[in-house]
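# Observations on chain architecture
One letter stands for each residue in the lines below.
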Amino acid sequence: MSVTEETATGTSLSPLSVFRLAAVMEACTWAGLLVGMFLKRVTHTTDLGVQVFGPIHGVAFLAFCLVTLVVAIDQGWSKGRTLVGLASSIPPFATIWFDRSAEKRGLLDDHWHSSETSPTARQRAVCWLLGHHRQALVLFVIALAVLTIVALLVGPPAG
């Protein structure tokens, strides 16, 4: 089974397209959260925006981090580049900057590199995920759920 198979919609899910989607999703939820924080703390009108976009942004943040790890493994990013990618999820809209920067530097291809014969177990694991879409989606949702539960137990960021 090829990891570059087309999806049911006819579009190929490349590292570039998956990473870009995660980066844009994370940035858009940041925007919603910032509007919510403005309404709550500056205009003192409502905290509904924070109540709605806080959890949505939290899940988008975690999803971006998971996608970053998978893409970093597949694309052979250094530990430093991977940390910068993960850190880009902290300042508002930095995921968009990192996405564009990584593409310009040739760090995001339109094809997956991982294969069954890749030299590392992590790359072979990514290959397995890419070849088993349903199982990968289930694992992704489980990972998001577990990480969200842990985040809820730890509590919201200070402030």
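All values reported here derive from a predicted model rather than from experimental measurement.

### Some details on the pattern of salt bridges
Here the structure, examined in full by the defined rule, presents three salt bridges. Across the salt bridge formed by Asp99 and Arg20, the nearest N and O atoms sit 2.6 Å from each other. Taken together, the residues span a long stretch of sequence, with Asp99 in helix H4 (residues 94–104) and Arg20 in helix H1 (residues 15–41) at a distance of 79 residues. Taking the shortest distance from any N to any O, the salt bridge between Arg100 and Asp99 comes out at 3.9 Å. Overall, the relative accessible area of 1% leaves Asp99 in the buried class. Where salt bridges share partners, they join Arg20, Asp99, Arg100 and Glu103 into one cluster.

### With respect to the packing of H1 against helix H2 (residues 48–75)
In the contact formed by H1 and H2, the axes pass within 8 Å of each other and the chain directions differ by 155°. Relative to H2, H1 is oriented roughly antiparallel. As for the relative orientation of H1 and H2, their crossing is left-handed in sense. Considered class by class, the residues forming the contact of H1 with H2 number 18 nonpolar, eight polar and three charged.

The rules behind each value
- Residues numbered from 1 in each chain as written.
- Predicted model: local features only at pLDDT ≥ 70, side-chain atom pairs only at ≥ 80, totals over all residues.
- Heavy atoms only, no water.
- Salt bridge = Lys/Arg side-chain N within 4 Å of Asp/Glu carboxyl O.
- Helix = DSSP H or I, 4+ residues; strand = E, 2+ residues; numbered from the N terminus.
- Buried < 20%, exposed > 50% of the residue type's maximum accessible area, 1.4 Å probe, protein only.
- Axes fitted to C-alpha atoms, helices over the stretch in contact; angles between N-to-C directions.
- Parallel < 35°, antiparallel > 145°, perpendicular 65-115°, else oblique.
- Left-handed = near helix turned anticlockwise from the far one by under 90°.
- Nonpolar A, V, L, I, M, F, W, Y, C, P; charged D, E, K, R; others polar.

Interpretation in functional terms is not warranted from these geometric data alone.
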